[in-house]
Amino acid sequence: MVEHHKVNKWEELTPSEFVAAVRERPVAYVPLGLLEWHGEHLPLGTDMLKIYGIVLEVAKRTGGVVLPPTFYGRPGYGSFAGTMVFSEKLVYDLLTELYGQLEKCGFKVIVVLTGHYGPIQVDLVKKTAADYMARSKIKIIAQPEYEGIDPPPADHAGKWETSFGMALYPHLVHMEKFSPGVCPVHRYGDEWVSYPRDEQTDWVWREDLRQTSSAAMGAEMIQRIADRVAGLVSAALAEVEAGV
Ligand SMILES: [Zn+2]
């Protein structure tokens, strides 16, 4: 049974509503995405739209305040159509300053969920959290959405991201544009390549995502992920209250 809290979107609150929300549940949600090529069947904002949908589902269970999703992240298929990637320094500084601002506002637990992944992104996000926690009492939960689920529902525009899209924003999923095999990619040039092994040629779909993806599969997995992350948040809040 999901305990339903009102979901507080930061940008929609008045100042007094905001102060009351932080006092009631000092948890901030930071949804991280990327604007990135996700095949012809999924929108460029797949990672940020996916993680925002998941974060809103977690917040229903826990309360807290949800920040708008951001698209500043590390690679990323940097040479593919519609992708933007950013430097390690920029992303490190952005998140570190963000934690400082959230601490100023009175948050005690920060949940950074990244819907864009790969070790370059995930390792950096975890490092920003570890470095900040080394000098603050704040608890930061920093992870990709799939972490802790076995087997991890992680892919790049594959059956999981397609299923999440079907569940969360079906009007943006275009299965009529999908077919197995070669998917031609508009590329910007070798100087923008982030992953040489994957970006030199057109994309190849080895699986028929029309057969393996579904809205029901996406919706069910979102509930599993939300339950798990909500459990982590409750544990972190209990630690904060106990002064651990
Ligand atoms: Zn993705």
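Up top is the structure.
The notes below deal with the structure included here. None of these values were measured; they are calculated from a predicted model. (Residues numbered from 1 in each chain as written. Predicted model: local features only at pLDDT ≥ 70, side-chain atom pairs only at ≥ 80, totals over all residues. Heavy atoms only, no water.)

1. What to know about the coordination of the zinc ion
Within the protein, the zinc ion binds to H38 (NE2), D47 (OD), E161 (OE) and E161 (OE); these donor distances fall in the range 1.8 to 2.4 Å. Geometry at the zinc ion is irregular, judged from its four donor atoms and the angles of 55 to 131° they form at the metal. Within one chain, the residues serving as donors to the zinc ion are arranged as H-x8-D-x113-E. H38 sits in the buried class, given a relative accessible area of 1%. Judged by relative accessible area, which is 2%, D47 ranks as buried. (Donors = N, O, S within 2.8 Å, 3.2 Å for Na, K, Ca; no water. Tetrahedral: all angles 85-135°; square planar, octahedral: opposite > 155°, others 65-115°. Buried < 20%, exposed > 50% of the residue type's maximum accessible area, 1.4 Å probe, protein only.)

2. Details of the packing of aromatic side chains
On inspection of all chains with the given rule, the structure shows 16 aromatic pairs. Residues Y72 and F86 carry aromatic rings whose centres are separated by 5.1 Å and whose planes lie at 65° to one another, so their mutual orientation is edge-to-face. One end of the pair, Y72, is in the loop between β3 (65-66) and α3 (88-104); the other, F86, is in the loop between β3 and α3, with 14 residues separating them in the sequence. Ring geometry for W160 against F164: centres 6.1 Å apart, planes inclined by 35°, an arrangement best described as tilted. Here W160 pairs with F164, and both are found in helix α5 (residues 159-168), just four residues apart, close to one helical turn. In this structure W160 comes out as buried when scored by relative accessible area, which is 15%. Put simply, the rings of W37, Y77, F80, F178, Y195, W203 and W205 pair up and form one aromatic cluster. (Phe/Tyr/Trp six-rings, centres within 6.5 Å; stacked < 30°, edge-to-face > 60°. Helix = DSSP H or I, 4+ residues; strand = E, 2+ residues; numbered from the N terminus.)

3. Quick word on the environment of G231
With respect to the element layout, G231 can be found in helix α8 (residues 215-242). Residue classification places G231 among the partly exposed positions, given a relative accessible area of 38%. As a C-alpha pair, G231 and T62 span 169 residues in sequence and 8.9 Å in three-dimensional space.

4. Observations regarding the packing of helix α2 (residues 46-62) against α5
With their axes 10 Å apart at the nearest point, α2 and α5 run at an angle of 60° to one another. The pairing of α2 with α5 is recorded here as oblique in orientation. The hand of the α2/α5 crossing is left-handed. Every residue of α5 that contacts α2 at T46, D47, L49, K50 and G53 is listed here: E161, F164 and L168. (Axes fitted to C-alpha atoms, helices over the stretch in contact; angles between N-to-C directions. Parallel < 35°, antiparallel > 145°, perpendicular 65-115°, else oblique. Left-handed = near helix turned anticlockwise from the far one by under 90°. Contact = heavy atoms within 4.5 Å.)

5. Some thoughts on the packing of α3 against helix α4 (residues 119-133)
Look at α3 against α4: their axes get within 10 Å of each other, and the N-to-C directions meet at 40°. Here α3 lies oblique to α4, going by the angle between them. Read as a crossing pair, α3 and α4 show a hand that is right-handed. Of the residues in α4, those in contact with E88, V91, Y92, L95, T96, Y99, G100 and E103 of α3 are L124, V125, K127, T128, A129, D131 and Y132. The residue makeup of the contact of α3 with α4, split by class, is eight nonpolar, three polar and four charged. (Nonpolar A, V, L, I, M, F, W, Y, C, P; charged D, E, K, R; others polar.)

6. Description of α5
Residue pairs spaced three or four apart in an α-helix point in one direction, given the helix's 3.6 residues per turn. Among the ten residues of α5, seven are classified as buried, and the element is accordingly described as predominantly covered. Along α5, the residues classified as buried are W160, E161, T162, S163, F164, G165 and M166. Turning to α5, the residues buried within the fold contact α2, α7 (209-212) and α8.

7. A look at the environment of L172
With respect to the secondary-structure elements, L172 resides in the loop between α5 and β6 (181-183). In this structure L172 comes out as partly exposed when scored by relative accessible area, which is 29%. In the structure, L172 is positioned 59 residues away from L113 in sequence and 22 Å away in space, judged by C-alpha atoms. Those residues in contact with L172 that lie beyond four places of it in its chain are H41, L42, P43 and L49.

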